[in-house]
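# Notes for the structure review
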Amino acid sequence: MPTLVLKTLREYRRSLIGWTVGICAFAGMYTSFFPQIRANADLYSQAALSKYPDSVRTLLGGLENITSGAGFMQSIIYQLFVPLLFTMCAVALGAKAIAEPEESKTLELTLTLPLDRKRLVLERFAALVVGLLGVAVVSLLVVALVGASVDIGVPFGRILAAHSMVFLLVLFFGTLSLTAGAATGRKAAALGVAGVYAVAGYVVNALAPNVEVMSWLNRLSPFYYYSEGRPLITGFPIGDALVLLAATAVLVMTAVLSFDRRDVGV
Amino acid sequence: MVETEGLTKFYGKRRGLEDLSLEIRAGEVFGYLGPNGAGKTTTIRLLLDVIRPTRGRLRVLGADPRDPGVRGRIGYLPGELALEGRDKAGDYLRFLAGVRGGVAKGRVEQLAERLEADLSVRMGKLSKGNKQKVGLIQAFMHEPELLILDEPTSGLDPLVQQEFLSMVREARTAGRTVLMSSHVLAEVEHVSDRVGIVRSGRLVAVENVAALREKAVRLVELHFDAPVPEDAFRDLPGVRDLKVEGANVRCTIDGRPDALIKAAARFTVVHMVSAEPDLEEIFLTYYSEEGRHAHAGA
Ligand SMILES: Nc1ncnc2c1ncn2[C@@H]1O[C@H](COP(=O)(O)OP(=O)(O)OP(=O)(O)O)[C@@H](O)[C@H]1O
Ligand SMILES: [Mg+2]
């Protein structure tokens, strides 16, 4: 692996471990609650849940069929909390790629090494991909293992498909954070742009079925492509995945080009 | 080695550097002097392609510093060196060496020993001076053709400063070129061949240190074993403010002490004191005049 990728992963190590532990603890714990919900199907049935106000139900993604394994995983694990935590992780790491070391002035020495600036951005991006992939793999295994131990009844292939979509979603937001940082050199800009886009994207996607304007805005929301395909039920949605990947690729190119042409550390 | 022409950098509306034309020759040590905010760091960052010029031309080692290959032949110490994190200083140096394609075996340890740097400490926990030592080690470790050092002595104790200066001398002996910035001439005059002064973003003077020293006025005191006649020292070239009191002679000399020494040689000299010339002072007066000319011209 290129030296700078390894070095970047070393810089990421502590936050990677922290986020992995957090995401796995959360996902594992909630998955392990499934038997209780299945056992009390009446209590948690759709009718029972319908007493929540509509708006809350929409934001939580409908809470439909949570007494079936796939419905439970969709609503509890993959609808909001895991993507949310994992996005926060990705955005934080994305800001560490360029903006944070630039602000703390540690980037200056790296920049004066015999490394092309384009390559610097690409290697930082590569480290982001590897780091997020690590978190995704570990949390996938935790969800799959805990799921199997409580007989959740969702095949591994489907969980893998859902988890792959989480990975692509958070890779997009991590890259957005990296790109905003590479273009501006400001950590606040990196966190702000990616954070606002994530929250707005989520809300737009949640409200889209009910609000007219939101449904076309929704085409700009990564969460639309993330959730539209229902990978837990129908398998890996290649088209949606390609949209997320293409958007990420455009961001990386923007990062490379904008970082290549500006003053660093001013 | 370094060539700039009309090099100008504005930070938005703020002037960082204006119209710098400078040549640094192969094998010389160039002292780059100026007060706070003069434009030293701006110049150096331009040379390393950290920032880009607003106008003007620059060549470093015969090429554009955007070329990563050029940066591979430079050793750089940033003026605002930041070393952070939980990595040990030694690991960080290994990383830098790795990207640079490796350094000679034992080189880092040898430099660390000379500068008395402890490389087993986490970087975030290093004191300012110790960070500076790590910065110096990484600049020198790959034995680059060109060393660009922004305020290299800041934070170093006097003994380490001396060690650093001898490292610069060795680099020069080995045929390398050094550009180092400082606030005071005294810090660099003993190793520099030439010095340049920047002020408010403009280069106001470039001078040869040896020539400067020759021009320097210095106070000399001679003590003889018996009273000497004043006539023997009067009207010697370059000798001024002559005072002869019995066996003691005091005067200032302007440039070479040759005539005075030859005149004194006719008597028995028991003691001689020659104050080191204060180059700083001449230089300051010299460049404040130059500065005035420049302003008048502008
Ligand atoms: N990032 C920046 N944004 C705006 N102005 C800047 C920036 N960096 C430097 N300047 C301005 O450019 C001028 C030159 O600054 P520079 O840092 O080159 O000075 P210097 O000679 O290195 O000073 P010092 O001895 O304090 O290190 C100063 O007036 C400074 O205020
Ligand atoms: Mg400076």
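Residues numbered from 1 in each chain as written. Chains lettered and ligands numbered in written order. Predicted model: local features only at pLDDT ≥ 70, side-chain atom pairs only at ≥ 80, totals over all residues. Heavy atoms only, no water.

It is worth spelling out the overall build of chain A at this point. In terms of regular secondary structure, chain A is built from 16 helices and zero strands. The C-alpha atoms of chain A give 20 Å as radius of gyration, which agrees with the globular expectation for 266 residues (18 Å, within 12%). The burial tally for chain A puts 53% of its 266 residues in the buried class. Long-range pairs, those at least 24 residues apart, make up 76% of the contacts in chain A between residues at least 6 apart in sequence. Carbon and sulfur atoms make up 68% of the accessible area of chain A, which totals about 11,400 Å². In chain A, the 20 positive side-chain charges and the 16 negative ones have mean positions that sit 6 Å from each other. (Helix = DSSP H or I, 4+ residues; strand = E, 2+ residues; numbered from the N terminus. Rg over C-alpha atoms; globule rule 2.2 N^0.38 Å. Buried < 20%, exposed > 50% of the residue type's maximum accessible area, 1.4 Å probe, protein only. Contact = heavy atoms within 4.5 Å. Areas by Shrake-Rupley, 256 points an atom, 1.4 Å probe, with all protein chains shown as cover. Lys, Arg positive; Asp, Glu negative; His and termini not counted. Charge placed at Lys NZ, Arg CZ, Asp CG, Glu CD.)

Along the chain, the position of aspartate 49 of chain B falls in the loop between α1 (40-47) and β4 (55-60). At a separation of 2.5 Å, a polar atom in the side chain of aspartate 49 of chain B contacts the side chain of arginine 52 of chain B. Among residues more than four places away in sequence, those in contact with aspartate 49 of chain B are Arg117 of chain A together with Pro65, Arg66 and Arg71 of chain B. (Polar contact = N/O pair within 3.5 Å; in protein donor to acceptor, adjacent residues only side chain to side chain.)

Our focus in this paragraph is helix α6 (residues 158-173) of chain B. Residues and elements named next belong to chain B. A rise of 1.5 Å per residue sets the reference length of α6, with its 16 residues, at 22 Å; its end C-alpha atoms lie 23 Å apart and thus fit the reference within 8%. Along α6, the positions that sit buried rather than exposed are Val160, Phe164, Leu165, Ser166, Met167, Val168 and Ala171. On its buried face, α6 is in contact with β3 (29-33), α4 (107-115), α5 (128-140), β6 (146-149), β7 (177-182) and α7 (185-188). The opening residue of α6, the one whose side-chain oxygen lies 3.1 Å from the backbone nitrogen of leucine 159, is aspartate 157. (Expected span 1.5 Å × (residues − 1).)

Another aspect to go through is the site of ligand 1. Contacts to ligand 1 come from 15 residues, most closely from Arg14, Lys40, Thr41, Thr42 and His183 of chain B. What surrounds ligand 1 is not a single chain but chains A and B. One of the backbone nitrogen or oxygen atoms of glycine 37 of chain B is found 2.8 Å away from an oxygen atom of ligand 1. Among the secondary structure elements, those contributing two or more residues to the shell around ligand 1 are β2 (14-24) and α1 of chain B. When its residues are assigned to classes, the shell around ligand 1 shows four nonpolar, seven polar and four charged. (Near = heavy atom within 4 Å. Nonpolar A, V, L, I, M, F, W, Y, C, P; charged D, E, K, R; others polar.)

Bringing the nonpolar core into the picture now. If you look at the biggest cluster of nonpolar residues, it comprises 146 residues, and the most contacted ones within it are Tyr78 and Leu132 of chain A together with Phe140 and Met180 of chain B. Top contributing element to this core by residue count: helix α11 (residues 156-184) of chain A, with 14 residues. If we ignore the near neighbours within four places in the chain, the residues touching tyrosine 78 of chain A are Met73, Pro83, Val143, Ile159, Ala162, His163, Val166, Tyr226 and Leu232 of chain A. Of all hydrophobic cores here, the second largest spans 15 residues; its members include Val220, Ala232, Phe233 and Val249 of chain B. (Core = buried A, V, L, I, M, F, W, Y, C linked by side-chain atoms within 4.5 Å.)

Once that is clear, we can look at the environment of isoleucine 152 of chain A. Residue and element names in this part refer to chain A. With respect to the helices and strands, the residue isoleucine 152 is situated in the loop between α10 (117-149) and α11. Owing to a relative accessible area of 5%, isoleucine 152 belongs among the buried residues under this scheme. Linking isoleucine 152 and lysine 105, residues 47 residues apart in sequence, is a C-alpha distance of 49 Å. Setting aside its immediate chain neighbours within four residues, isoleucine 152 contacts Thr31, Phe34, Gly69, Phe72, Met73 and Gly147.

All names here are of chain A. A cluster of nonpolar residues, Leu133, Val137, Leu141, Leu145, Phe156 and Leu160, forms a patch on the protein surface that exposes about 540 Å² of accessible area. Residue placement: phenylalanine 156 occurs in helix α11. Overall, the relative accessible area of 43% leaves phenylalanine 156 in the partly exposed class. (Patch = residues over 30% accessible without salt bridge, like charges linked within 9 Å, V, L, I, M, F, W, Y side chains within 5 Å. Salt bridge = Lys/Arg side-chain N within 4 Å of Asp/Glu carboxyl O.)

Looking now at the packing of helix α1 (residues 3-32) of chain A against α10 of chain A. All names here are of chain A. The interhelical angle for the contact between α1 and α10, taken along N-to-C directions, is 25°, at an axis separation of 8 Å. Our classification of the angle between α1 and α10 gives roughly parallel. Read as a crossing pair, α1 and α10 show a hand that is right-handed. Here the contact of α1 with α10 is composed, by residue class, of 18 nonpolar, eight polar and three charged. (Axes fitted to C-alpha atoms, helices over the stretch in contact; angles between N-to-C directions. Parallel < 35°, antiparallel > 145°, perpendicular 65-115°, else oblique. Left-handed = near helix turned anticlockwise from the far one by under 90°.)

With that settled, the discussion passes to the domain arrangement of chain B. Quoted interface sizes are often the accessible area lost when the parts come together. Examined at the domain level, chain B breaks down into domain 1 (2-209) and domain 2 (217-276). For domain 1 of chain B versus domain 2 of chain B, the distance between C-alpha centres works out to 43 Å. (Domains from an automatic or database assignment.)

Before going further, it helps to spend a moment on the sheet that holds β2 of chain B. Residue and element names in this part refer to chain B. Taking strand neighbours across the sheet as the criterion, the three strands line up as β2-β1-β4 in an open arrangement whose pairing is antiparallel. Each edge of the sheet is formed by a strand with only one pairing partner; in this case those strands are β2 and β4. Pairs of neighbouring strands in the sheet enclose a mean axial angle of 20°, with direction left out of account. Pairing between strand β1 (residues 2-11) and β4: five bridges, direction antiparallel. By the bridge assignment, valine 2 is partnered in β4 with valine 60. (Pairing = 2+ DSSP bridges.)

This next bit is on the interface of chain B and chain A. Counting residues at the interface gives 27 residues for chain B and 24 residues for chain A. The junction of chain B with chain A conceals about 2,500 Å² of combined surface from both sides, 57% of it contributed by carbon and sulfur atoms. Taken together, chain B and chain A are joined by four salt bridges. A salt bridge links aspartate 263 of chain A to lysine 9 of chain B, with the shortest nitrogen-to-oxygen separation between them at 2.4 Å. Counting the contacts that link chain B with chain A gives 12 residue pairs in polar contact (both at pLDDT 80 or more). At the level of secondary structure, the elements contributing two or more residues to the side of chain B that touches chain A comprise β1, α2 (68-72) and α3 (89-99) of chain B. (Buried area = accessible area lost by both parts, 1.4 Å probe.)

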